[in-house]
Amino acid sequence: MINLLSGEFYKLQKSKSLYICSIVMIAFVLFVYSTLVMVDKIQQGEVENGSMGVVVSEEAMEENEENPVSIFEQIGILDVLQQMFGVFAGIFTSIFAAIFVCGEYGNGAIKNVTGKGYGRWQIFSSKYIMTIIASILMMIAMIIATFLFGLVFSGTGGLDGEFFRNLCSYTAIELLLGAAFIGLIVAVNEICRNLGAGIAISICIVCFSDLITVGIDLVLKYFHFDFKISDYNLLNLMADCPIKNIDKSFAVRAVVMAVLWIIFSFGIGVLHFKKADIK
């Protein structure tokens, strides 16, 4: 097992997809902050509305005229981080996971490994663990970039003990949920085993799973079931995680669901990898 993990770590170091996806994700952090700067300049009347494709509604402009305030006093580092976790983190980590998992089947590397006498559960476990670790590192890089760019664009105001407590608790829960989500993506791509289809399915899960769960919630509500599927969907939990004063009930639900999804995705992945032929 140690040899397999070492092999996966070596592949990870050589993986261009890891570095490219990480760089693009950090670039999107910069893009979000740049957009906020443009909004602020438009509201202050320094730049014409619509410049660089950024449009501020008339209602927002009127509100700002009545109560002039910088956009960075309204939107802080944690708000930007919530936006990144709610949208971009899932997209780029899932694309990386799809490439890292499905690429093994396209170049025949997985067939070589299975022919060396290792147990199939060990082979899948090493890939599963290393993909999750890499994705967590990508998200940590995103967190650091968000914090550093935040200091550059909005300054150090508000960086007190409460801020860092909220930052630690929020990112800890998001990283755990993100790890569980990537575990699910690994299982999906192991079953799919096709790079193009794997990326497409992964992006569809990121973009549409919340709409599907909300639709199921409406159907259940119509039939008077007091139960919400969306409360247990990983992406919904990531998007709904409060950035401040996370209550105990949400934290417990997030941890329990993350653990259950990790167990489920790992079990499904191992079962399929053991039963399916490798060509």
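Structural notes, computed from the coordinates. Since the structure is predicted, the reported quantities are computational estimates derived from the model, not experimental observations.

**So, helix 11 (residues 248-275)**
Okay, so step 1: Compared with an ideal rise of 1.5 Å per residue, which puts 28 residues at 40 Å, helix 11 spans 41 Å between its outermost C-alpha atoms and is within 8% of the ideal.
Okay, so step 2: Taken together, the buried positions of helix 11 are occupied by Phe-250, Ala-254, Met-257, Ala-258, Ser-265, Gly-269, Val-270 and Phe-273.
Okay, so step 3: Buried-residue contacts for helix 11 involve helix 5 (77-106), helix 6 (109-114), helix 7 (120-154), helix 8 (161-192) and helix 10 (234-240).

**Observations concerning unusual backbone geometry**
Okay, so step 1: Residues other than glycine seldom take positive phi values, yet Arg-193 does so here, at roughly 65°.
Okay, so step 2: Mapping Arg-193 onto the fold places it in the loop between helix 8 and helix 9 (195-222).
Okay, so step 3: Backbone geometry places Asn-245, a non-glycine residue, at a positive phi of 50°.

**Focus on the nonpolar core**
Nonpolar side chains tend to gather and get buried jointly when the protein is soluble and globular.
Okay, so step 1: Formed by 69 residues in total, the largest nonpolar core has its most connected members in Met-84, Phe-85, Phe-96, Met-142 and Leu-177.
Okay, so step 2: In terms of residues, this core owes the most to one element, helix 5, which gives 16 residues.
Okay, so step 3: Leaving out residues up to four positions away in the same chain, Phe-96 has contacts with Leu-12, Ser-15, Ser-17, Leu-18, Cys-21, Thr-131, Ala-134, Ser-135 and Met-138.

What counts and how
- Residues numbered from 1 in each chain as written.
- Predicted model: local features only at pLDDT ≥ 70, side-chain atom pairs only at ≥ 80, totals over all residues.
- Heavy atoms only, no water.
- Helix = DSSP H or I, 4+ residues; strand = E, 2+ residues; numbered from the N terminus.
- Expected span 1.5 Å × (residues − 1).
- Buried < 20%, exposed > 50% of the residue type's maximum accessible area, 1.4 Å probe, protein only.
- Contact = heavy atoms within 4.5 Å.
- Core = buried A, V, L, I, M, F, W, Y, C linked by side-chain atoms within 4.5 Å.

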